[in-house]
Each structure stands twice: as structure tokens, then as C-alpha cells.
Amino acid sequence: MLTRKALRSTIAAAALLATAACGSDNTDRSSSNSADAPSVALLTSGPVSDAGWHAGAYEGLQLIRDSLRFRVSHQQTRTPAEFDEAFISYAQAGYGLIFGHGFEYQDAATRVGPQFPNVTFVVSSGSRPGPNVVPLVFHLNEASYLAGMAAGAVTQSGIVGMVGGVEIPAAKGTFIAFEAGVKAVRSDAKLLETHTGDWYDVSAAKEATAAQLRQGADILIHNLDAASFGFFQAVREARKAGGDAWALGMNLDQNDVAPDVIVASAMIDLPAVFLSTAEAWEKGTLRGVARYAGLRAGVVDFVPNPAQEGVIPLDALERIDSAREAIIAGTLEVPRIEFVEEEAAADG
Amino acid sequence: MRRSPEIVRGLLVAVVGLAVTAVVAAALLALGGHSPGATFAALIAGAFGSWDRFVSFTLVRATPLLFTGLAVALAFRAHVWNIGAEGQLYAGALAGVAVALLLPTSAPLLLLPITLVAAAAAGALWAAGPAAMRTRFGVGEVITTLLLNFVALFLAQFLVQGPLQEPRRIFNQTDSIPEAAHLPALLPGTRLHVGFALAVAVALALWLYLARTPGGLRLRTVGASPRAARVSGRFRATPVVWAAFLTSGAIAGLAGWVQIAGVTHRMYEGLSPGWGYTAIAVALLARLNPLAVVVTAIVFGALSAGGGAMQRDAGVPEAWVRGIEALVILAVLATDRCWQLLAARGEGG
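(A) Up close: the overall build of chain A. Assigned secondary structure in chain A consists of 10 helices and 13 strands. Out of the 348 residues belonging to chain A, those deemed buried represent 52%. Pairs at least 24 apart in sequence give 71% of the contacts found in chain A among residues at least 6 apart.

Written as C-alpha cells, this is what we have:
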């Protein structure tokens, strides 16, 4: 009796699912342009609402859709076991250019690449080029160095803070360069460094920031994703409590994220990098070598916050400008962590 | 007589639950501006769209859920509330990777079995602490197993940033394991690895053990009423509890290493998205029956494979996908509960 009733429910449920499945044929996809346009996909391992690393990539994808009229799609993956699956799915669905936004996608791209020779896989901060696998390396350390010079000029206490998420090479590289920048301006400065182990833990970032503020840091930089909201909040609360603390933005131009506490941002113009990469791919010039994006290419920069004009002394800004010129000219070498295995690389 | 209807019932509950969710989720999706039709089509196509999709995506995703689901089901049958499958999974993964990287052998026939044993042993070891605390001092294992999850997670973080970090010492991951430690493909040309077959074999073995052996009977007795088992005086409950803890931990340990040997070939910090916790839903939904766990694990695998396709093909953001997955779990549990009430009423009248 029970079984028969159950059977009936099953059939009803199956019918419902089938209806749902059939209903889709007539609906069109909101994120597509035309069906035969070139297709570009993006994988991120975090939310695109982080106002930083992932958000920038997602903006890049939208820029590709709007200015090149490509078909685009995005997936947020949760575990390394999903990376291959996502790459394969997009490749099978006809996507010709697939961005994996983070070094963690390197292995999967290397594994899947040979199966789809006509598809190009781009790995942000990747380390191993292949015939159709392109590491995209950002020299954010160059902008971070300039931010360090600003911090060295602004600090009164001589104590400068750095709050990181997970200690990955790309992030470590920015802190090493930042430290060098601080020391270039103020050789006796003391640097505090904390890694919370989590890109998204807002309260952990706030705690770590507050701890550095208590130790006397009066200008701090971060390398966090969504957790940066906690970082800025801690600095904001210190200011409200009468302290003279400042924050520096990182990864994207974050000057608008917390205009009341940020003096400047060390930024990558991720959307521009993504757009130029997609253009190179369309022209057929995106080859299997690493693609570098730094100050010289105009996609990495140090941008003071116009809302806090005057916090960074004018003479310091002048020194920063000349350092920028020196980096572009190649006369000033900023410390960095090299993580691309092969040497061959194209400046982009 | 009871067994096969139970499996059928488990399946039906899952299907009815999915249908209920479909209606609720469709309404929510429509309110959020996403097309319910396209979303569900993507979900189904992503999980079942082709034989390759089903085998390479759904079954691959089901494998860790199957192992951990079996681990939880076995423990729960013995009234051992092991919430620590996640930690035992990490312990197994770390042990397997460590052995695969450090053992100087490249013979697959040797290396693979050794790593599997190491992973199972590490999982069992991770469960041994809570087992000792419960049997010696009466400390509740819900707390101890849960807290050890975080210890395992931090241990994994430490090891991939320290002693087990890849040779260039740049990325927070281990070196790739030697090819000899890779689990071979189960079906050539697909991503499905032998680990899935191993998990199904474990399910069969557990089912046989529970249903057909004196040891299984003792375990079920302890689980049905620990007090009655004690006062009956026919056997001691402590060894049974120990066995449940250790076997459960061992199976969960296999989950972690099989994932690496079969899919990622490297240990990462964020190896598991919480399989050890999802496993509790997988096991409960299967009414702790090992054979039914095979079915529920595949349903959850399908749901997560379909979730990826929902993002890719229907443009539904990840937060929505997670919400819908949670809805499915809730709906299935609610359906199951209603069913039990109805069945109880039917039997009573």
C-alpha cells in the first residue's frame, strides 16, 4: 500500500522535474550575447563580492562581454577536486578562453590542457606555461613598493603594519616589496606582519589589525579578499577613538571602499588585464608563455585617495613618482618572488 | 523482508524531497530574477546530461561523500556520534600523501595498498582519542570528534606550509604524488577512479557485517539500547564501541586519501569543502543503511555536480546554489519525517 502510494509520488515528482527541464528550452541566457560569439569563462575560488581579487576578475569578464561582445560565464569553485570538472565542462561547451583566477588552478589547467588543444587556459599567478596554458603574472609588488614609500613617509610612530590572509607567494611578494619601500624612505621603521590564514574571515582580520594598532602601528596595508572590510573597520574604529591611524588599499583601487581611512591603494587594473588578454587571444597572439602585467604595461599602479589629499606629504609623492619612473625604466628593481618555472615570458 | 523496502523508501523520500524543493526553489529563483527552468535544466544536465557527465562528474563527486557517509552511518548505528569524519578525512589524506611522497618505491602494487592502509590507520588513530575519552572517562564524543576536526585542519595547514610543502617552497601545497600512487581509472576514458568501486565494496562489506554476522548484531544491539546491552551481560559493550570508532575513522580516512590518489594528486589546504559534515545528512537520509548510503551519496554528488552547472550554464551565483542545496537537504529530511509519522500511524491503526 505504502509502496504504491510512494510510486505515484515518484512519478509525479519525475514529471515535475521533466517539466522543469523542458521549460528551459525557450528561455534565453541573460549573460550571453549571440550564440556563435567567441566564449570566455572565468573560474574563481572565492566570491566575486569581495571588492578585491575576485571582484576585479569578474569585472574583467563583464568588460570582455560589453566591449568585445563575447559570450561569458562564471563559476565559483569550492574545492580543488572541482577544478578539472569546471575546465572540462567549459571546454566541452565550446568556451575558447578559460581563466582560472588563482595559482590553485595551475595543476588542473596542466592536466586538462592537452585534452583540448584548441582551448586556451589562463592561470592568474600561475607557474607552469604549456602550449595552451598561459600563466598571468601580476607585478603588484611594484605598486606595493610605492605604497611602502608612502607608508614610510606618513608614519609618525615608525611602526607599520601588514595584515595578510593566506601566505601564498603572490601575497608574500607584495609584503616583501612593501617592506622594502618603507625602508627606502625610513630605514629605522619597524614592520609588523600577521597572516590570519583566511581571505574571507572579516572578524579575524579585524582582530589582527586591532592587535597591530595596539602595538603602535599607525599606517597599515593588507592583502586580503572580503576580509579587508574587517581591516578597514578596525582602522576606522581606531580613528574614531582618537588615534591617528591610516590604511592602504590593495589589489584593486579600494579608495572608494573606505574613503575615510584609505590614503592610497596599490592596485592591479584587473579588468584591463583581462580585456587585453582576451584581445590577444582573439588575435591569436596569446602564446604558451607567461604574460606579465606590471607598472610598465600600465595595469599596475599606486593611486592616492583624492579624499585624503595632503596626508602623504608632497615631497614624498614626488619621490614616489620618480621611483615609478625608475621601475618602468628598469633602473630600480623591486624585490619579488619569482614563481614561473620557465624563463620565457612576454611583457604584456 | 524489511531491508529492500527500506532502500526503496530511501530513494522515494529523496525523490519526493527533490520535488518539494523544486517547487520552493523555483519560486525563489523566479523572485531573484533567475529562470527556474534554465536553472533546473542546468542542474539535471550537469549531473545526468550524459553517461560521461554522470560517471566523470556525479560519481566522482559522490565518492568522498560515500566514504564519509558510510563512516558516519556505521558509527551512528552503534550510538557513537562521530561528528569528526572531516578531521579523520584530513588525517587520512595527510598520512596517504606523506607515505606516497616519502616511501622510496615506485611499484604501484606495493605503494597503493600501503598508502591506503596508512590512510585508514591515520583516520582510525584520529578517532581513537575520542574513543578512549568516551570509554574511559565518559566524555561525550560529539564535542571531542568535532573539535579534533579543527586540529586536523590546522595540522594540514601547518604541514602543507612546512614539512610537506612542495620542493620550491612557494605554494601552500605538497609536491605531486608519484604516478605509482595514482588510483587507476575505473572506466577507461572517464575521470572515474577505482576509489568509487572501493567505496561501494566497503558499503557491501558493512551491510553484510551488520546484517549477517554476530559482531554486527552486537553492534546493532549496543546502538539500539546501550543500557540493555550492558545489563544483558552477554557481551561487553566497550570493545564494540571501540570497533565502531576505529572502523568509522578508518573509512573516513580513506575518503581523504582516495580523493587525492584519484583526483587531485596533491594535498591542498582546502581539500574538503565539508564532506565530513555533509556525510551526516548523507547517512541520516539513508537511515544509516550502508547500501542506501550508496544511493544518497550519489544523490548528493549529483546535486553538487549540478550546482556547478547551474553557475556555468544558468548564471546562478554560488550563494544561490548553496541555498538550493541546503533547501534540498531540509526538504528531504522533512519528507522523511512526515513519512515516518505516516508509517507509524499506519502500523498503529
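Following the structure, the description resumes.
(B) Fine view of the overall build of chain B. Within chain B, the regular secondary structure consists of 13 helices and 0 strands. Computed over the C-alpha atoms, the radius of gyration of chain B is 21 Å, within 12% of the 20 Å expected from 2.2 N^0.38 for a compact globule of 349 residues. For chain B, the C-alpha atoms occupy an extent of roughly 60 × 60 × 35 Å along the three principal directions. Evaluated residue by residue, chain B yields a buried proportion of 54% over its 349 residues.

(C) Representation of the pairing of strand S5 (residues 133–138) of chain A in the model. Residues and elements named next belong to chain A. Extensive coverage of S5 is indicated by the burial of 6 of its 6 residues. Burial along S5 is two-sided: the face carrying Val133, Pro135 and Val137 and the face carrying Val134, Leu136 and Phe138 are both buried. Sheet topology places strand S4 (residues 120–124) next to S5; 4 bridges connect them, and they run parallel. Of the residues in S5, the one forming a bridge with Ser124 is Leu136.

(D) Main features of helix H7 (residues 194–212) of chain B. All names here are of chain B. When the terminal C-alpha atoms of H7 are compared, their 26 Å separation across 19 residues agrees well with the 27 Å that a helix rising 1.5 Å per residue should span. Listed in full, the buried residues belonging to H7 are Gly195, Phe196, Ala199, Val202, Ala203, Leu206, Trp207 and Leu210. For H7, the angular spread of buried residues about the axis comes to 130°, placing them on one side. Among the exposed residues of H7, those pointing more than 90 degrees away from its buried face are Ala201, Ala205 and Arg212. Contact partners of the buried residues in H7: helix H3 (51–77), helix H8 (214–224), helix H10 (237–264) and helix H12 (290–314).

(E) Representation of the sheet that holds strand S7 (residues 190–195) of chain A within the structure. All names here are of chain A. Spatial strand order, S7-S6-S8-S9-S10-S12: 6 strands in an open sheet with mixed pairing. Of all the strands in the sheet, just S7 and strand S12 (300–304) have a single pairing partner and so form its edges. Across this sheet, the average inter-strand angle for adjacent strands is 15°, counted without regard to direction. As paired strands, strand S10 (residues 262–268) and S12 are joined by 5 bridges and run antiparallel to one another. Bridging from a neighbouring strand, Met267 pairs with Asp301 of S12. The strands that helix H7 (residues 202–214) touches are strand S6 (159–164), S7 and strand S8 (219–223); relative to S6, the one it contacts most, it runs at about 165°.

(F) Structural view of the nonpolar core. Ranked by internal contacts, the top residues of the largest apolar core, which has 120 residues, are Leu66(B), Phe67(B), Leu70(B), Ala71(B), Leu254(B), Val282(B) and Val293(B). Sorting elements by how many residues they give to this core places H10(B) first, with 15 residues. Not counting residues within four places of it along the chain, the set of residues in contact with Ala71(B) comprises Asn82(B), Ala85(B), Gln88(B), Ser248(B), Ile251(B), Ala252(B) and Ala279(B). Of all hydrophobic cores here, the second largest spans 104 residues; its members include Phe103(A), Phe175(A), Val182(A) and Ala217(A).

(G) Structural view of the confidence of the model for chain A. All names here are of chain A. The predicted model of chain A averages 87 in pLDDT, with 88% of residues at 70 or higher. Predicted confidence in chain A is weakest over helix H1 (residues 2–23), with a mean pLDDT of 42, and strongest over strand S3 (residues 97–100), with 97. Overall, residues 1–33 carries pLDDT values under 50, and its contacts beyond four positions in sequence, including any with other chains, amount to 48 contacts. Taken together, the stretch residues 343–348 has pLDDT below 50 and engages in 15 contacts with residues farther than four places along the chain or on a different chain.

(H) Focus on helix H3 (residues 80–92) of chain A. With 13 residues, H3(A) should reach 18 Å at 1.5 Å per residue; the first-to-last C-alpha distance of 19 Å fits that figure. Residues Pro80(A), Ala81(A), Glu82(A), Phe83(A), Asp84(A), Glu85(A), Ala86(A), Phe87(A), Ile88(A), Ser89(A) and Tyr90(A) constitute the buried set of H3(A).

(I) The arrangement of the packing of H7(B) against H10(B) in detail. Residue and element names in this part refer to chain B. Between H7 and H10, the least distance of the axes is 10 Å, while the angle of their chain directions is 165°. Relative to H10, H7 is oriented roughly antiparallel. Where H7 crosses over H10, the two elements pack in a sense that is left-handed. Here H7 contributes Gly195, Leu198 and Val202 to the contact with H10, which in turn contributes Ile251, Val258, Ala261 and Gly262. Within the contact of H7 with H10, the residues separate by chemical class into 5 nonpolar, 2 polar and no charged.

(J) Highlighting unusual backbone geometry. Residues and elements named next belong to chain B. One non-glycine residue, His79, adopts positive backbone phi at about 60°. Checked against the element boundaries, His79 lands in the loop between H3 and helix H4 (85–102). Positive phi is not limited to glycine here, since His265 has a value of about 60°.

(K) Summary view of the environment of Ala279(B). Residue and element names in this part refer to chain B. Along the chain, the position of Ala279 falls in helix H11 (residues 275–285). Overall, the presence of 31 C-beta atoms within 10 Å leaves Ala279 in the buried class. Residue contacts for Ala279: discarding those within four places in its chain leaves Leu65, Thr68, Gly69, Ala71, Val72 and Ala85.

(L) Just the environment of Asn118(A), in detail. By the secondary structure assignment, Asn118(A) is in the loop between helix H4 (106–112) and S4. The spacing of Asn118(A) and Tyr95(A) is 23 residues in sequence and 9.8 Å in space, taken between C-alpha atoms.

(M) The arrangement of the confidence of the model for chain B in detail. Overall, the predicted model of chain B reaches an average pLDDT of 90, with 97% of residues at or above 70. Here the predicted complex scores 0.82 on pTM and 0.85 on ipTM.

(N) Up close: the environment of Leu198(B). All names here are of chain B. Counting through the fold element by element, Leu198 comes out in helix H7. Under the C-beta neighbour-count criterion, Leu198 is labelled partly exposed, with 19 such atoms within 10 Å. Residues Leu198 and Ser176, spaced 22 residues apart in sequence, show a C-alpha to C-alpha distance of 22 Å.

Cut-offs applied
- Residues numbered from 1 in each chain as written.
- Chains lettered and ligands numbered in written order.
- Predicted model: local features only at pLDDT ≥ 70, side-chain atom pairs only at ≥ 80, totals over all residues.
- Helix = DSSP H or I, 4+ residues; strand = E, 2+ residues; numbered from the N terminus.
- Buried ≥ 20, exposed ≤ 12 C-beta atoms within 10 Å, placed from the backbone.
- Contact = placed C-beta atoms within 7 Å.
- Rg over C-alpha atoms; globule rule 2.2 N^0.38 Å.
- Pairing = 2+ DSSP bridges.
- Expected span 1.5 Å × (residues − 1).
- Arc of directions from axis to C-beta.
- Axes fitted to C-alpha atoms, helices over the stretch in contact; angles between N-to-C directions.
- Core = buried A, V, L, I, M, F, W, Y, C linked by C-beta atoms within 7 Å.
- pLDDT = per-residue confidence, 0-100.
- Parallel < 35°, antiparallel > 145°, perpendicular 65-115°, else oblique.
- Left-handed = near helix turned anticlockwise from the far one by under 90°.
- Nonpolar A, V, L, I, M, F, W, Y, C, P; charged D, E, K, R; others polar.

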